[in-house]
Amino acid sequence: MEFDSVREAMEFLISYNESPRENMKIDGHEPSFEDLQEANREALYSACDLLGMSDLYLHLDEQTA
């Protein structure tokens, strides 16, 4: 998931996290906790990229390697 601006990423995060989970659908089913976590992570990483702060999450890959 990529956004064109930080504002767009923040709007997604706010609306996504304010929506009742039972009203959400991912691939036709109610999202699991892991689905929600992944969507949040992708939006945050995209915002970091737009702000030139990729280092905030890139080091996480090194820790798991």
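Description of the structure in this document. (Residues numbered from 1 in each chain as written. Predicted model: local features only at pLDDT ≥ 70, side-chain atom pairs only at ≥ 80, totals over all residues. Heavy atoms only, no water.)

Within the secondary structure, asparagine 40 is located in helix H2 (residues 33-50). Those residues within four positions of asparagine 40 in sequence are excluded, and the remaining contacts are Leu13, Tyr16 and Asn17. (Helix = DSSP H or I, 4+ residues; strand = E, 2+ residues; numbered from the N terminus. Contact = heavy atoms within 4.5 Å.)

Right, let's talk about the packing of aromatic side chains for a bit. Scanning all chains against the criterion turns up three aromatic pairs. Ring centres of phenylalanine 3 and phenylalanine 12 lie 5.6 Å apart, and the angle between their planes is 40°; on these two criteria the pair is classed as tilted. Looking at phenylalanine 3, the relative accessible area reads 11%, which means it is buried. With a centroid separation of 4.9 Å and 25° between ring planes, the pair formed by phenylalanine 12 and tyrosine 16 is classed as stacked. One end of the pair is phenylalanine 12 and the other is tyrosine 16, both in helix H1 (residues 6-18) and four residues apart, which spans about a single turn. On the basis of relative accessibility, which here comes to 13%, the residue tyrosine 16 falls in the buried class. Linked through ring pairs, Phe3, Phe12 and Tyr16 together constitute an aromatic cluster. (Phe/Tyr/Trp six-rings, centres within 6.5 Å; stacked < 30°, edge-to-face > 60°. Buried < 20%, exposed > 50% of the residue type's maximum accessible area, 1.4 Å probe, protein only.)

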